[in-house]
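Survey of secondary and tertiary structure
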Amino acid sequence: IPYTVNQLAVEVADFFHEMKPSIKYLPARNEVTAIYADPSKLYSVFGKKKQTELTEGIAKMGKWALTQKLAEPKPFENIEVDLNMPPSWKALCK
């Protein structure tokens, strides 16, 4: 069942009763724009399971997430290349 990242953001916001997400689109970077996976090896080991609709899956994940304690961010160590590293990550570098 294909979904977009935008659909995912809206579903998560709905579950947590947040406003519709304000999505800021950044200029395209040299990254993968689409990916397709072949789950046949997974199915051969675990069998094919019923697919979960996005809303149901987000509800399950959200209920679990609400039971978890937030952990303090851990500093990154021994970063060799910090080119294009997000500022929030750079702040965690030693």
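Up top you'll find the structure we're talking about.
Let us look at the structure shown here. Note that this is a predicted model, so its numbers are computed, not measured. (Residues numbered from 1 in each chain as written. Predicted model: local features only at pLDDT ≥ 70, side-chain atom pairs only at ≥ 80, totals over all residues. Heavy atoms only, no water.)

1. Considering the packing of aromatic side chains
- Per the counting criterion, the structure on display carries two aromatic pairs.
- Here the aromatic rings of Phe15 and Phe16 are separated by 4.9 Å at their centres, their planes lie at 90°, and the arrangement is edge-to-face.
- The partly exposed category is assigned to Phe16, whose relative accessible area is 28%.
- For the pair Phe76 and Trp89, a centre-to-centre distance of 5.8 Å together with 45° between the ring planes defines the contact as tilted. Of this pair, Phe76 sits in the loop between helix H3 (54–65) and helix H4 (87–90) while Trp89 sits in helix H4; the two residues are 13 residues apart in sequence, bridging distant segments of the chain.
- By relative accessible area, Trp89 is classed as partly exposed at 46%. (Phe/Tyr/Trp six-rings, centres within 6.5 Å; stacked < 30°, edge-to-face > 60°. Buried < 20%, exposed > 50% of the residue type's maximum accessible area, 1.4 Å probe, protein only. Helix = DSSP H or I, 4+ residues; strand = E, 2+ residues; numbered from the N terminus.)

2. Quick look at the pattern of salt bridges
- Throughout the structure, instances matching the rule amount to two salt bridges.
- A salt bridge links Arg29 to Glu31; the shortest N-O distance between them is 2.7 Å.
- Salt-bridge contacts for Lys60 lead to Glu56; the nearest nitrogen and oxygen are separated by 3.5 Å. Here the residue Lys60 and the residue Glu56 both occupy positions in helix H3, the gap between them amounting to four residues, near one helical turn. (Salt bridge = Lys/Arg side-chain N within 4 Å of Asp/Glu carboxyl O.)

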